[in-house]
Amino acid sequence: MAAFTKVLVANRGEIAIRVFRTLRDMSLGSVAVYSDVDRGALHTGFADEAFALGGSTAAESYLVVEKILEAAKRAGAEAIHPGYGFLAENAGFARVCEAAGLVWIGPPPAAIELMGSKTAARRAMQVAGVPIIPGTTDPVGSAEEVVELGREIGWPLLIKAAAGGGGKGMEVVRSPAEAQRAFETARRQGLAYFANPAVYVERYLEDPRHVEVQVLADAHGNVIHLGERDCTIQRRHQKLVEETPSPAVDEKLRERIGRIAVDAARAAGYRSAGTIEGLLAPDGSYYFMEMNTRIQVEHTVTEMVTGVDIVREQIRIAAGEPLELAQEDVRLQGHAIECRINAEDVSKGFLPAPGTIAVYREPSGPGVRVDSAVTAGSEISPLYDPMIAKLIVLGADREHAIGRMLRALSEFEIGGVETLIGFHRALLAHPCFAAGATCLGIVESEQLAEQVEKLSHQATNLASGSDGARLDGQVRQIEVDGRRFEVRVLEPEPPWAELARRRAERVRGRRGAGDEVVVSPMQGTVLKVEVAEGDEVEPGQVVAVVEAMKMENEITAHRAGTVSELAIASGEPVSAGQPICVIS
Ligand code: MV4
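Throughout what follows, the structure given in this document is the object of discussion. Quick caveat: nothing in here was measured; it's all calculated off a predicted structure.

1. A short note on a nonpolar patch on the surface
Nonpolar side chains collect at one region of the surface, where Ile478, Val480 and Phe485 lie side by side and expose about 230 Å² of accessible area between them. In this structure, Val480 sits in strand β25 (residues 469–480).

2. Here we look at the state of the cysteines
Within this structure, the stated rule accounts for one disulfide. A sulfur-sulfur separation of 2.3 Å characterises the disulfide bridge that pairs Cys432 with Cys439. The sign of the 110 degrees torsion about the S-S bond sets the Cys432-Cys439 disulfide as right-handed. Like Cys432, the residue Cys439 is buried in the burial classification.

3. Concerning the pattern of salt bridges
Under the criterion given, the structure shown has 40 salt bridges. One salt bridge connects Lys528 with Glu171, and the closest N-O pair in it is separated by 4.0 Å. Highlighted residues: Lys528 in strand β28 (residues 524–529) and Glu171 in strand β7 (residues 171–173), separated in sequence by 357 residues. Given the relative accessible area of 27%, Lys528 is considered partly exposed. For Glu251, the salt bridge goes to Arg254, with nearest N and O atoms at 3.2 Å. Of this pair, Glu251 and Arg254 both sit in helix α8 (residues 251–267), separated by three residues, roughly a single helical turn.

4. Some points on the sheet that holds β28
Spatial ordering of the open sheet is given by β31-β30-β28-β33, a layout of four strands whose pairing is antiparallel. Only two strands of the sheet have a single partner each, and these edge strands are β31 (551–556) and β33 (573–574). Helix-sheet contacts for helix α7 (residues 179–194) involve β28 and β30 (542–548), and the interaxial angle to β28 is about 170 degrees.

5. So, the sheet that holds strand β3 (residues 49–52)
The strand order across the open sheet formed by five strands is β3-β2-β1-β4-β5, and the pairing between neighbours is parallel. Only two strands of the sheet have a single partner each, and these edge strands are β3 and β5 (103–104). Here strand β4 (residues 79–81) pairs with β5 via two bridges, running parallel. Paired with Ile80 across the strands is Trp104, a residue of β5.

6. Details of the site of the ligand
As a matter of local geometry, the ligand sits amid 18 residues, with Lys160, Glu202, Arg203, Leu205 and Gln234 nearest to it. Between the ligand and Glu202 there is a distance of 2.8 Å, counted from a nitrogen atom to a side-chain nitrogen or oxygen. With respect to the ligand, the side chain of Gln234 contributes an N or O atom lying 3.2 Å from a nitrogen atom. Broken down by secondary-structure element, the contributors of at least two residues to the shell around the ligand are β6 (157–161), β8 (199–203) and β9 (209–217). Split into classes, the residues belonging to the shell around the ligand amount to eight nonpolar, six polar and four charged.

7. Regarding the environment of Leu448
Summarising the element assignment, Leu448 is placed in helix α14 (residues 446–456). Its relative accessible area of 2% is what places Leu448 among the buried residues. Each C-alpha atom, one on Leu448 and one on Leu427, is 7.0 Å from the other, the two residues being 21 residues apart in sequence. Filtering out sequence-adjacent residues up to four positions away, Leu448 remains in contact with Phe423, Ala426, Leu427, His430, Ile442 and Val443.

8. Description of the packing of helix α1 (residues 13–25) against helix α10 (residues 310–318)
Two quantities define a packed helix pair, namely the angle between the helix axes and the distance between the axes. Between α1 and α10, the least distance of the axes is 9 Å, while the angle of their chain directions is 65 degrees. Our classification of the angle between α1 and α10 gives roughly perpendicular. Pair α1 / α10 crosses with right-handed handedness. Only Ile310, Val311, Arg312 and Ile315 of α10 make contact with α1, whose side of the interface consists of Arg18, Val19, Thr22 and Leu23. Tallied by class, residues from the contact of α1 with α10 come to five nonpolar, one polar and two charged.

Parameters and conventions
- Residues numbered from 1 in each chain as written.
- Predicted model: local features only at pLDDT ≥ 70, side-chain atom pairs only at ≥ 80, totals over all residues.
- Heavy atoms only, no water.
- Patch = residues over 30% accessible without salt bridge, like charges linked within 9 Å, V, L, I, M, F, W, Y side chains within 5 Å.
- Areas by Shrake-Rupley, 256 points an atom, 1.4 Å probe, with all protein chains shown as cover.
- Salt bridge = Lys/Arg side-chain N within 4 Å of Asp/Glu carboxyl O.
- Helix = DSSP H or I, 4+ residues; strand = E, 2+ residues; numbered from the N terminus.
- Disulfide = S-S within 2.5 Å.
- Buried < 20%, exposed > 50% of the residue type's maximum accessible area, 1.4 Å probe, protein only.
- Pairing = 2+ DSSP bridges.
- Contact = heavy atoms within 4.5 Å.
- Axes fitted to C-alpha atoms, helices over the stretch in contact; angles between N-to-C directions.
- Near = heavy atom within 4 Å.
- Polar contact = N/O pair within 3.5 Å; in protein donor to acceptor, adjacent residues only side chain to side chain.
- Nonpolar A, V, L, I, M, F, W, Y, C, P; charged D, E, K, R; others polar.
- Parallel < 35°, antiparallel > 145°, perpendicular 65-115°, else oblique.
- Left-handed = near helix turned anticlockwise from the far one by under 90°.

Structural data, given as structure tokens:
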């Protein structure tokens, strides 16, 4: 394999490290790039060479095609691996790389483009005999057309952005009366996110599972699948837990959806690793939803049960090598689960919680894999996505894997920032997850939130009822009669501490009109406005949803009152600290 010997990874964080590891496995040279914020980031040390891109935000660094190409030229890299996100599904970038004589470790640009248009993709799949969700394969031009479609294929319907994907710009329409508003909202969102207002319509499937199939296609006409991943556990279209095999897929269904995925990849003229995302309805029907033309975050669970290094296959395919295995060589062994450990605060509606990681200790031991790019002292920047680590386990069966995940989660120590560790412990211990159900509504339920609260402050109850003493937070080890105990120490407070706290609160409350204003905690785009002027709101009620770094963030009312001034509209950009509305 001598097509190239040095690869530049146009990415950061855990996925850059993930690719560098395989490059080393294969004795290939590696080149990292980094933004100003990432000067000290771990991924830069996992490559043979590292080049500064300059700029802080993604738009100033990892997304600038000329900067990436310049770094490749300076390093003498012969190939580019894009990772996921950033430029991974940018057909223009793939073309520019190839025009510059660099090998693109990814699919043909035409396949990226085809799958980027959800309507064109649906048309191609329909022609190829791949089942698509009933609906249109062309954009719809008016709310009247939506109503007409409802009469034909039945309610409810779902309007989706034609240039969209991943659930952004989706609007459910339950009756003809809702068509006009939903049509307009979906078009506005399509324009705001994808600079394209075109929308199309699908039948809305109730309580489906998100079941996706990993495919590999080489340049010699070989296309195989590596089984499915179940990604049903999501929040606002962010996957949180992924597993394989799916609790809802048996050998017969796997063969059927595997064939559908291989047919879909062939119809797209695909090459490289890709994922067919599909919906599995409660009645057992399976439909193509979209194709992700990149390596995905959750590829790891497939690697655990197949033993295949998917990045290695991407590299070999790009070098013109045939697939290392045929369909009959693919053996699925055991059950794998991945939990995304994000720096997010569950008690604040999963608000990203950037900051400095003070304490960091990864779990290990049998069947445990951690893909991360942080260590104690690392900064989780508000400029990039807040994923700290992916925790992946392999067990003999699902029950074994759940037990292992709970064990590994309890070993994982992250201090200094809020994380989803407590959330995952509560979710995986929930009867709905054990049952392999869709857990519809559980992720955001009050019940789970309470459980998370309990798990993350297990020792806090020691403090209740003990006036004048606060927890110092530190867990210490003591030995009593030769036996070890872990204790959280209660430190008596000085007598003026309570007064000082009250004074601080008064000062905070004295900002006058300021305490009536809800501000955006981040820079982003307004996805939805959930209230109107004159509405009565309660504390914690969602007033708007702001998208930042591909994450949907709920902005909530901090107090009860009436919305008197609404300062934003859906589709508009907002900056951190910008007023959203006044609640008086
Ligand atoms: C759907 C759907 C129901 N009907 N499409 C699209 C993007 C992905 N993140 C979720 N998407 C959905 N598309 C039709 N026609 C429901 C979802 C959906 C979903 C699907 C499976 C598992 C969890 C889900 C959570 C939210 C939305």
